[in-house]
Amino acid sequence: MNCKIKLTLILSLIFLAVRGQTTSPFLKQFKQTSLPVCIKYTHEEQIYFGAIYHTDTIDGELQDVFEKNDNYQKDSLLLLSKEFVKMHLLPNTKYIYRIDDNKKDTLGSELIDDYLNSDFYAISSIPTVNTFHIVIYERIFSISDIRSSEKFICTITKSGKFIYRNLIASFTFSGTSITNSGGRVPWFPLEYGCINRDLTINKSSENYGEIKYKILPDGKIVITK
């Protein structure tokens, strides 16, 4: 067998192994994507959450006008059941904790049943040659009756058991800011992250700056220097 045939065979086996990571029936709602990939919020998404506006002069006064896009809607086919989320995408704990990765401090906690009182949407799955799946999903919830969003990267075993998850992007209502008109508008500090081919993650946050992570061979996600 010559070198070219050997190389073709090896590449074919790798290709089949990678495809095999995404054939699990419970991942059918997750669209397969490849690395590198960036998880962010599009302009249309930001309009959807009520965060895009411009200041205009109306009847001689400065006023804040919010953009609307009536054609944009979340895809209901991607909506995940609460049972699926609890079984595959969350730790088996009574509380969900919010952690400051830089300071290793707990920022707060929420009963898991209260946390599940949200809408969860499948985003994508990422094929790897590891023994776990990588998926991206979104949680939409309300703060003071204003919709907010968090997007998570999650690792699960091939049989669907939760391993680890980490916030990779967020667009959450965090109070108000004053505009040129003197009025107040909702403030949504933006976070987004990019997953590289070597399974490192570069995250950018308006609140916390630049943070780097690494997905380990066992599926855990750790902060790196």
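Everything here concerns the structure above.
An account of the accompanying structure is given in this report. Keep in mind the model is a prediction, meaning the values are calculated, not measured.

Quick word on the overall build of the protein
Counting its regular elements, the protein contains four helices and 17 strands. For the protein, restricting intrachain contacts to residue pairs at least 6 apart in sequence, the fraction spanning at least 24 positions comes to 50%. Surface exposure of the protein reaches about 13,400 Å², of which carbon and sulfur atoms provide 52%.

Quick look at the state of the cysteines
Scanning all chains against the criterion turns up one disulfide. Through a disulfide, Cys38 is tied to Cys194; the S-S separation comes to 2.0 Å. Torsion about the S-S bond of the Cys38 and Cys194 cystine: about 105°, corresponding to right-handed handedness. Taken as a pair, Cys38 in strand 2 (residues 37–39) and Cys194 in strand 14 (residues 190–195) lie far apart in primary sequence, 156 residues in all. In this structure Cys194 comes out as buried when scored by relative accessible area, which is 16%.

Focus: a nonpolar patch on the surface
A grouping of Tyr95, Tyr97, Ile99 and Leu111 is seen on the molecular surface, where their side chains present a nonpolar patch of about 370 Å² in accessible area. For the nonpolar patch, the leading source of residues is strand 6 (residues 95–100), giving three residues. Secondary-structure assignment places Tyr95 in strand 6. In this structure Tyr95 comes out as partly exposed when scored by relative accessible area, which is 33%.

Some remarks on helix 3 (residues 82–89)
Looking only at helix 3, the buried set comprises Phe84, Val85, His88 and Leu89. End-on view of helix 3: buried residues confined to an arc of 95°, all on one side of the axis. Facing away from the buried surface of helix 3 by more than 90 degrees, the exposed residues are Glu83 and Met87. Where helix 3 is buried, its residues meet strand 5 (79–80), strand 8 (119–126), strand 9 (132–143), strand 10 (146–157) and strand 11 (162–171).

Notes on the packing of aromatic side chains
Considering all chains together, one arrives at twelve aromatic pairs under this definition. The interplanar angle of 35° and the centroid separation of 6.2 Å between the aromatic rings of Phe30 and Phe84 together place this pair among those described as tilted. You can see Phe30 sitting in the loop between helix 1 (3–20) and strand 1 (31–32) and its partner Phe84 sitting in helix 3, a full 54 residues away along the chain. Comparing Phe30 with Phe84 shows no difference in burial state: the two are buried. When the ring of Tyr137 is compared with that of Phe152, the centres are 5.5 Å apart and the planes differ by 20°; the resulting orientation is stacked.

Some thoughts on the pattern of salt bridges
The full count for this structure, using the stated rule, is six salt bridges. Measuring nitrogen to oxygen at the nearest pair gives 3.0 Å for the salt bridge that ties Glu45 to Lys151. Separated by 106 residues along the polypeptide, Glu45 in helix 2 (residues 43–48) and Lys151 in strand 10 bring together distant segments of the chain. In terms of burial, Glu45 and Lys151 fall into one category: buried. With a closest N to O distance of 3.9 Å, Asp113 and Lys86 form a salt bridge. Of the two residues, Asp113 is situated in helix 4 (residues 112–115) and Lys86 in helix 3; the sequence distance between them amounts to 27 residues. Of the residues examined, Lys86 reaches a relative accessible area of 44% and is grouped as partly exposed. If you follow the salt bridges from partner to partner, you end up with Glu110, Arg139 and Glu150 in one network.

Analysis parameters
- Residues numbered from 1 in each chain as written.
- Predicted model: local features only at pLDDT ≥ 70, side-chain atom pairs only at ≥ 80, totals over all residues.
- Heavy atoms only, no water.
- Helix = DSSP H or I, 4+ residues; strand = E, 2+ residues; numbered from the N terminus.
- Contact = heavy atoms within 4.5 Å.
- Areas by Shrake-Rupley, 256 points an atom, 1.4 Å probe, with all protein chains shown as cover.
- Disulfide = S-S within 2.5 Å.
- Buried < 20%, exposed > 50% of the residue type's maximum accessible area, 1.4 Å probe, protein only.
- Patch = residues over 30% accessible without salt bridge, like charges linked within 9 Å, V, L, I, M, F, W, Y side chains within 5 Å.
- Salt bridge = Lys/Arg side-chain N within 4 Å of Asp/Glu carboxyl O.
- Arc of directions from axis to C-beta.
- Phe/Tyr/Trp six-rings, centres within 6.5 Å; stacked < 30°, edge-to-face > 60°.

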